[in-house]
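What follows is each chain in one-letter form.
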Amino acid sequence: MSVAAAQQAVTQGALEAIFNDPDNVDQRFPVPVLQCLQIKPLAAQQAPGAPAQQERYRVVLSDIRNYVQCMLATQANHVIHDNQLVRGCIVRVKSYQANSVKGKNILIILDLEVATELGTHDRIGEPAPFEAKAQTTNPTAAIGGSGFYGVKPESSVPVKSEPMSSRMAPAGGGGDHGAGTNTRGNIVIYPIESLSPYAHKWTIKARVTSKSDIKTWHKASGEGKLFSVNLLDESGEIKATGFNEQCDAFYELLQEGQVYYISTCRVNLAKKQFSNLPNDYELAFERETMIEKAEDQASVPQVRFNFINISELQAVEKDATVDVIGVLKDVGEVSQITAKSTGKPYDKRELTLVDDSQFSVRLTIWGKIATSFAAPPESVVAFKGVKVSDFSGRSLSLLASGTMALDPDIEEAHRLKGWYDSQGRTDSFNTHNNMSSLGGATGRQDQVKCISQVKDENLGLENTDYFLLKATIVYIKQDGFAYPACSNEGCNKKVVDQGDGTWRCEKCDIAHARPQYRYIMNVNVNDHTGQLWLSCFDDVGRVVMGMSADELMEIKENDEDRVPAIFEAANCSKLNFRCRAKMDMYGENQKVRYQVMSANALDYKTEALKLADMIKQFGMGS
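Our subject in this report is the structure included herewith.

Moving on, we come to the overall build of the protein chain. Looking only at helices and strands, the protein chain has 13 helices and 34 strands in total. Across the 622 residues in the protein chain, those meeting the buried criterion constitute 47%. The long-range share in the protein chain, meaning contacts at least 24 apart out of those at least 6 apart in sequence, stands at 64%. With the model as given, the accessible surface of the protein chain reaches about 31,100 Å², and the carbon-plus-sulfur share is 49%.

This part takes up the packing of helix 11 (residues 549–558) against helix 12 (residues 563–570). Where helix 11 meets helix 12, the axes come as close as 9 Å, and the angle between the chain directions of the two elements is 145°. Taken together, the residues of helix 12 that come into contact with helix 11 (itself represented by Leu552, Ile555 and Lys556) are Val563, Ile566 and Phe567. Classifying every residue of the contact of helix 11 with helix 12 gives five nonpolar, no polar and one charged.

The final tally for this structure, using the stated rule, is eleven aromatic pairs. On the numbers, 6.3 Å between centres and 40° between planes, the contact of Phe227 with Phe285 is tilted. Here Phe227 is found in strand 11 (residues 222–232), whereas its partner Phe285 is found in the loop between strand 15 (281–284) and strand 16 (290–293), with 58 residues between them in sequence. Taken individually, Phe227 and Phe285 each receive the classification buried, so the pair is uniform in this respect. Here the aromatic cluster, defined as three or more aromatic residues joined through ring pairs, consists of Phe227, Phe250, Tyr251 and Phe285. Here the basic side chain of Lys211 rests over the ring of Tyr251, its NZ or CZ set 3.9 Å away from the ring centre. Across the ring face of Trp533, the terminal group of Lys477 is positioned such that the distance to the ring centre comes to 5.1 Å.

Let us now look at helix 12. Taken as a whole, helix 12 has its buried residues at Val563, Ile566, Phe567 and Ala570. In a view along the axis of helix 12, the buried residues occupy a sector of 95°, so they form one face of it. Of the residues in helix 12, the exposed ones pointing more than 90 degrees away from the buried face are Glu568 and Ala569. Residues of helix 12 that are buried in the fold lie against strand 25 (465–476), strand 31 (521–527), helix 10 (538–545) and helix 11. Positive phi appears at Cys572, one or two residues downstream of helix 12, with a value of about 65°.

This part is about the sheet that holds strand 29 (residues 510–512). The antiparallel open sheet is built from three strands, whose spatial order is 27-28-29. Single-partner strands in this sheet number two, and they are strand 27 (496–497) and strand 29. Where strand 27 and strand 28 (residues 503–505) come together, two bridges link them in antiparallel fashion. Its bridge partner being in strand 28, Asp497 is matched across the sheet by Trp503.

The rules behind each value
- Residue numbers restart at each chain and count upward from 1, following the sequence in its written direction.
- The model is predicted, so local features are restricted to residues of pLDDT at least 70 and side-chain atom pairs to those at 80 or more, both for listing and for counting; the totals for chains, interfaces and linings are taken over all residues.
- Only hydrogens and water are set aside; all other atoms, that is, all heavy atoms of the structure, feed into the side-chain values.
- Starting at the N terminus, helices and strands are each numbered in turn, a helix being any DSSP run of H or I of at least four residues and a strand any DSSP run of E of at least two.
- When accessible area is computed with a 1.4 Å probe and restricted to protein chains, residues below 20% of their type maximum are described as buried, those above 50% as exposed, and intermediate ones as partly exposed.
- The criterion used for residue contact is that any of the two residues' heavy atoms lie within 4.5 Å.
- Note that accessible areas follow from Shrake-Rupley with a 1.4 Å probe, and for residues the cover is restricted to the protein chains shown.
- Only C-alpha atoms enter the line fits that serve as axes; for helices the fit covers just the stretch in contact. Angles between N-to-C directions range over 0 to 180 degrees.
- Residue polarity is assigned by list, with Asp, Glu, Lys and Arg as charged and Ala, Val, Leu, Ile, Met, Phe, Trp, Tyr, Cys and Pro as nonpolar; anything else, Gly included, falls into the polar class.
- Side-chain rings of Phe, Tyr and Trp, where Trp is taken by its six-membered ring, are said to pair if the distance between their centres is within 6.5 Å; with planes under 30 degrees apart they count as stacked, over 60 as edge-to-face, and otherwise as tilted.
- Two limits define a charge over a ring: the Lys NZ or Arg CZ must be within 6 Å of the ring centre, and within 35 degrees of the ring normal.
- The arc in question is formed by the directions pointing from the helix axis toward the C-beta atoms.
- Any two strands between which DSSP finds at least two bridges are classified as paired.

What follows is the structure in structure tokens.
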């Protein structure tokens, strides 16, 4: 690609807008396109005894007019490992966070994509170092990044001063309140939302909303221990972790529900896979860290929920962390899976939640929470810190640092309880992988087709096509309707019977006492224009059969004569199907395969409204 084409693609003026016009930058430059001028690895700063940190990189990006120094978030390191991000290349910055500290601008790159089609070039233009406008607000406050889920608008919580009688000694002084205290005057309290690696000499006043158990590790390079807490103030939340000596010093001092003054911690980019908080940063306690219990325990909020409706999960990125509240529709039994990394068994229980957005979602709880869970169906349950998965379209998992509240005394819970008692109990619910999910993600609405249109338009012949289909199941193949799968979460590979009562997964290199059966079905569906064979996997199979593959296999093993009647009962069901048409190889021949991505029962109220609208359009309404 020519230099002229690359120059035309770069969004000139984007850096000035990011730092000086944050309110309008999303509209002016939804996805900034910049040139990479320099890449440099940063020296790791590691606490003694702490696990090795991921490498960090500093890059310089240019919009031709200006250039700015940037730090690459560790979750974006793959573009360097894959040799995609190189000097001179053009990148699309899909997610970022901007900081301006004492006139120095830093751009944290959370996600970017290398535009390989634009090639690599020598420096384009004569970009000048970017100079920020004079800051009139808190200079360490973070500016929300474009398109980054969970980043809130700049906090209105001000930096404030308040009296504090004494301060804890550093970690080396131990956890005794009386050790190493000294009298201070007023101290400046910073909001959590203002913390960043470029802010120094701050103190926060925060409540401990959750505290983990002490975890240990043993490796060839050494051993150690750690614990973590979630901290909350009026502006936001942040995770803090203590390793080894700091674990000994602060574990007993920090108690859930209590408020503390905390200062002199290292601020790192958050490891999202280990945190349930919508914060780009996290804290690490150090030798110089000072912590003191606050006398005023009432001025900091108890808990902060940022609920989203279950229907909104489709717009949430995979692996994001959210808070949800819903009515408990179904409670599964406790089961066990084995971690493929350690071989340890873990207890889990699956719950089904619904809310007044007319959607349901499956949520998994773990460990002691799963085994001790005793909430009856139709209870209102609030979850803080659940991870979003694309398993089953969208499903949720309560993180170890997450919390759960049963029938909480909050407005959202009272509203849901009233809705469920008045009408929700008899409502039908869509699954969270709704029919229009792909259209919402790509900006294209999937088209409703009848079977004759699918064939006449040759969907899937040249491209991968998605479509919606309303059809009736007329036949289900019973041969090989399920396969024995690995029970480790996220694996789903077929396991092999070893003949000694165990089933082995080659991928996870582990043997299970029993497999977890998963559906792999072929069904024939009809509408008024024709018939079509559809391939279905486990999620859709559950909808079609009304039970899990494990349950159906157990019936087959214990009372095989019942199985034909169960398949017969599943016939003649009319469902909404969201399908993908794609060319596939069958032996040596190519053939279009129609795979069901999701399915749900008809909502007759919605269908009746659609028909009424159609009648009105034809001028036949009253």
